[in-house]
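# Results of the structural survey
Letter by letter, the chains look like this.
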Amino acid sequence: MAPSKIDITHLPSTQYVNTKSTLDSEDKDHLLHRSFIDPPSLVERAEGVNLFLSDGRKIIDACAGAAVALIGHGNKEVHQAIVNQLQKVSYVHTQSYTTQPAEDLANLILQGSPHGLEKAFFVGSGSEAVESALKLARQYYFEKNEPERLHIISRRQGYHGNTMATMTISGNLGRKVPFEGFSYPHTSQVSPAFAYRYMQEDETEMEYTPRLLREIEDEFLCVGPHKVMAFIAEPVAGSGIGSATPPAGYLAGLRALCDKYGVLLIFDEIMCGVGRTGTFFAFEQEGNAVPDIMTIAKGLGGGYAPISGVLVHKRVVDVLRHGSKAFNHGHTYQAHPTSCAAALAVQKIILRDGLIARCAAMGKILESMLRTELRDCWSVGDIRGRGLFWTVEFVKDKKTKETFDPRIHFGARVQQAAFDEGVALYPCSGTVDGKRGDHVMLAPPFIITEEELSTVCKVLREAIESQQQLFS
Ligand SMILES: *Cc1c(COP(=O)(O)O)cnc(C)c1O
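Rules used in this analysis
- Residues numbered from 1 in each chain as written.
- Predicted model: local features only at pLDDT ≥ 70, side-chain atom pairs only at ≥ 80, totals over all residues.
- Heavy atoms only, no water.
- Patch = residues over 30% accessible without salt bridge, like charges linked within 9 Å, V, L, I, M, F, W, Y side chains within 5 Å.
- Areas by Shrake-Rupley, 256 points an atom, 1.4 Å probe, with all protein chains shown as cover.
- Salt bridge = Lys/Arg side-chain N within 4 Å of Asp/Glu carboxyl O.
- Helix = DSSP H or I, 4+ residues; strand = E, 2+ residues; numbered from the N terminus.
- Domains from an automatic or database assignment.
- Contact = heavy atoms within 4.5 Å.
- Buried area = accessible area lost by both parts, 1.4 Å probe.
- Polar contact = N/O pair within 3.5 Å; in protein donor to acceptor, adjacent residues only side chain to side chain.
- 1 Å grid on protein atoms, 1.4 Å probe; cavity = no way out; pocket = protein on both sides within 12 Å on 5 of 7 lines; lining within 4 Å.
- Points joined across faces, edges and corners; volume = space filled by probe spheres on them.
- Nonpolar A, V, L, I, M, F, W, Y, C, P; charged D, E, K, R; others polar.
- Disulfide = S-S within 2.5 Å.
- Buried < 20%, exposed > 50% of the residue type's maximum accessible area, 1.4 Å probe, protein only.
- Near = heavy atom within 4 Å.
- Axes fitted to C-alpha atoms, helices over the stretch in contact; angles between N-to-C directions.
- Left-handed = near helix turned anticlockwise from the far one by under 90°.
- Pairing = 2+ DSSP bridges.

## With respect to a nonpolar patch on the surface
- A contiguous nonpolar patch, built from Met164, Phe179 and Phe182 and spanning about 280 Å² of accessible area, is present on the exposed surface.
- By the element assignment, Phe182 lies in the loop between α6 (173-176) and β6 (187-190).

Here's what the structure looks like:
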C-alpha cells in the first residue's frame, strides 16, 4: 500500500520537535537526554564502522557520530594505549606538571612547525578550544597594546560551539533562541561562502569571491578596523551549511584582508580538520591561506577520549613569549594524559596506515556513488563536499531551490528512514538562513570499505525516495 501524503498543517511548529511526537510519561530514568520525546538508542558495542544496539540491530555509522570516529570504533591498539597510560599516571595538574603523551601529541602534530604553527594547547571540547582561541586572540592584542580590539567577525550559519561566547558567534539560530542576552557583545556576521545558495545565476566564481571579500572589508571598515580582533571561519563548512568548500581564492583573499588591517585570522577546523577533507589541515587545499590560530577537535581523539586543540602560529606565540610570558588561561583537565594518550594512538595509526590518503581516495569513490545513486531523486538539490565529508541538500523544487516547510523536518525524516534501514547519517536544518533548508551529512570513518559505502548510498537513496513521495 502506498503511504498516504502528510498534511503539514498538523505538524508541530517548535524547533525542538523531531519526527516523533509523543511525550514518554513512563520515562523514569535520570539522565537528561537531548529530547524528551525522542529517546536515543542504547548502543551496547561498537566495532569498526558498526554500532550494535541493545535491540539487536546493527547500524553502519556513516557519519562517525559527528565526524568524530576517524579510525572507526573499538580499536584495540587505542584501548591498550589508554590502559597503559592509566597505569602510569591518570592525572596531574598542568600548573606544575606535564606528561609524556601530552608532549608527544603536540610534537607529532606540529613536528617541523607546519605552516609556521608552533604551539598546541589541548582542552576537552571543541567549544573550549574556540573559547581558548578567542581569549588568546584578545591577550595577543592586550600585550601588543591594542586594547580597543575586542570585536569578532564570523559568518552566518557558521558553527563554533555552544558555550556563551562561541554560541554568540555561531549562526545556528534555533540553538540561540532561549539565550538572547547571554551574548558576548562585540560581534557581527557576514555572509557564508556558499555558492549553491548565494552565488548569483549570472555570476561566475571569479566574481563571487571578490563580492564576498568586499563584504568582509566593508564590515571591517564599518566596525573600525582598529577595533576588530579576529575573523573566524570554518575553511570547509561544517554542520551549518554542510561541507561547502569555499570559492576559489576566498581563503587567500581573507588572509590578505586580515593582514591589511592587522586582524587575527582564526580557522575553526574542529569538524573539517585532522584529515577529514583528505589533507591533515583543510586549509591546505586552498592555496596559501594560513591562520594565526586554529582549532581542531572531533577527529583528534577519534572519539576515544574528549580532546580538542588550539594550534598557534609563531607570530602569535612570539608576542606572548616576549610579553607577559604566559597564556593567561587554563582548565583543570587541559592536556589530560588519558585523552592525550588516546589521541596520540589514534594519530599514530592514521599516519602508519596512511588513512588520510585513504580518506581522499575513498572520498572520490563516495562522491561518484552519491552522484550516480541520487541522480533521479527530485528532492536532492545539491551534493557537495571533499574527502570523506559530504552533504546532500534537499529542496522541494530543484529549479527554484525552494526549501521544504521547516515543520516537516525533511532532513531528520531522511535520517530516521535511513537509520531504520541500518545507516546512521547526520541531519541538519537551517541550511539556507539558519531557519529554512535541510541537509544530511555523511562523514564515515576513514576505514570504511567500498562495499559499505555502496550500502550507505543505496539506503540513503531509498530513505530519500520514501520521504519525498510523502511531500510531492
Ligand atoms: C562541533 C564543533 C564545535 C563545538 O565542539 P563541541 O565539542 O561540541 O563543543 C565547534 N566548531 C565546529 C566547527 C564544530 O564542528
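## Points about the domain arrangement of the protein
- Once the domains are mapped, the protein shows domain 1 (8-74 + 354-471) and domain 2 (76-352).
- Taken over C-alpha atoms, the centre of domain 1 sits 26 Å from the centre of domain 2.
- Residue-level contacts link 46 residues of domain 1 with 45 residues of domain 2.
- For the domain 1 and domain 2 pair, buried surface summed over both sides reaches about 3500 Å², with 55% attributable to carbon and sulfur atoms.
- The largest share of the area that domain 1 buries against domain 2 comes from Ile356, Arg386 and Phe389, three residues that together contribute 21% of it.
- Run the count over domain 1 and domain 2 and you get 2 salt bridges.
- Close ionic contact of Glu286 with Arg386 constitutes a salt bridge, the shortest N to O distance being 3.0 Å.
- Where domain 1 touches domain 2, the interface holds 23 residue pairs in polar contact (both at pLDDT 80 or more).

## With respect to the layout of surface pockets
- Of the voids in this model, the second largest pocket is the one considered here, and its volume is about 980 Å³.
- As for the second largest pocket, its lining consists of 31 residues, and the residues nearest its centre are Lys119, Ala120, Phe121, Phe327 and Gln334.
- Going through the elements one at a time, α3 (100-109), β4 (117-123) and α10 (314-321) are the ones with two or more residues in the lining of the second largest pocket.
- If one sorts the elements of the lining of the second largest pocket by residue count, β4 sits on top with 5 residues.
- A class-by-class count of the residues in the lining of the second largest pocket yields 16 nonpolar, 10 polar and 5 charged.

## Comments concerning the state of the cysteines
- Within the structure shown, the criterion is met by 0 disulfides.
- The cysteine Cys272 is free of any disulfide, with Cys359 supplying the nearest cysteine sulfur at 12 Å.

## Some points on the pattern of salt bridges
- Evaluated as defined, the whole model comprises 25 salt bridges.
- A salt bridge links Asp292 to Arg315, with the nearest nitrogen and oxygen atoms 2.6 Å apart. With a gap of 23 residues between them, Asp292 in the loop between β8 (264-268) and β9 (293-296) and Arg315 in helix α10 connect regions that are remote in the sequence.
- For Asp292, a relative accessible area of 2% corresponds to the buried category.
- The salt bridge involving Glu402 is made with Lys396; its shortest N-O contact spans 3.6 Å.
- For Glu402, a relative accessible area of 41% puts it in the partly exposed group.
- With a relative accessible area of 41%, Lys396 lands in the partly exposed category.
- Because the salt bridges share partners, they merge into one network encompassing Glu118, Lys314, Asp318 and Arg321.

## Considerations on helix α13 (residues 410-420)
- A large share of α13 lies buried, amounting to 9 of its 11 residues.
- Positive phi appears at Gly422, one or two residues downstream of α13, with a value of about 95 degrees.

## Examining the side chain of Thr277
- Looking at where Thr277 falls in the secondary structure, it is placed in the loop between β8 and β9.
- With residues near it in sequence (within four places) discarded, Thr277 still touches Val236, Cys272, Ala282, Gln285, Arg386, Gly387 and Phe389.

## A look at the site of the ligand
- Around the ligand, the neighbouring residues are Ser125, Gly126, Ser127, Tyr159, His160, Gly161, Glu234, Asp268, Ile270, Met271 and Lys298.
- Ser127 places a side-chain nitrogen or oxygen 2.5 Å from an oxygen atom of the ligand.
- Between the ligand and Tyr159, the relevant distance is 3.2 Å, taken from a nitrogen atom to a main-chain nitrogen or oxygen of the residue.
- The protein chains hide 82% of the 380 Å² of surface that the ligand would expose on its own.
- Of the residues contributing to the shell around the ligand, the split by class is 3 nonpolar, 5 polar and 3 charged.

## Regarding the packing of helix α2 (residues 76-88) against helix α11 (residues 337-352)
- Viewed as axis vectors pointing N to C, α2 and α11 meet at an angle of 145 degrees, and their least axial separation amounts to 9 Å. In the packing of α2 onto α11, the handedness of the crossing is right-handed. For the pair formed by α2 and α11, the contact residues are Glu77, Val78, Ala81, Ile82, Gln85 and Leu86 on the first element and Pro337, Thr338, Ala341, Ala342, Ala345, Val346, Ile349 and Arg352 on the second.
- Classifying every residue of the contact of α2 with α11 by side-chain character gives 10 nonpolar, 2 polar and 2 charged.

## Some points on the pairing of strand β1 (residues 43-47)
- Pairing of β1 with strand β2 (residues 50-53), which is carried by 4 bridges, proceeds in the antiparallel orientation. Looking across to β2, one finds that Glu47 is bridged to Asn50.

## Details of the sheet that holds strand β14 (residues 426-429)
- Read from one edge to the other, the open sheet built from 4 strands follows the order β11-β12-β15-β14, with strand pairing classed as antiparallel. The outermost strands of the open sheet, each flanked by one partner alone, are β11 (380-386) and β14. Across this sheet, the average inter-strand angle for adjacent strands is 20 degrees, counted without regard to direction.
- As defined by bridge partners, β11 adjoins strand β12 (residues 389-394) across 6 bridges and the pair is classed as antiparallel. If you follow Val380 over to β12, its bridge partner there is Phe394.
- Across the sheet, helix α12 (residues 355-373) lies against β11, β12 and β15 (438-442), angled at about 20 degrees from β12, the strand it touches most.
- Here α13 sits on the sheet and contacts β12, β14 and β15; the angle it forms with β15, its principal contact strand, is near 40 degrees.

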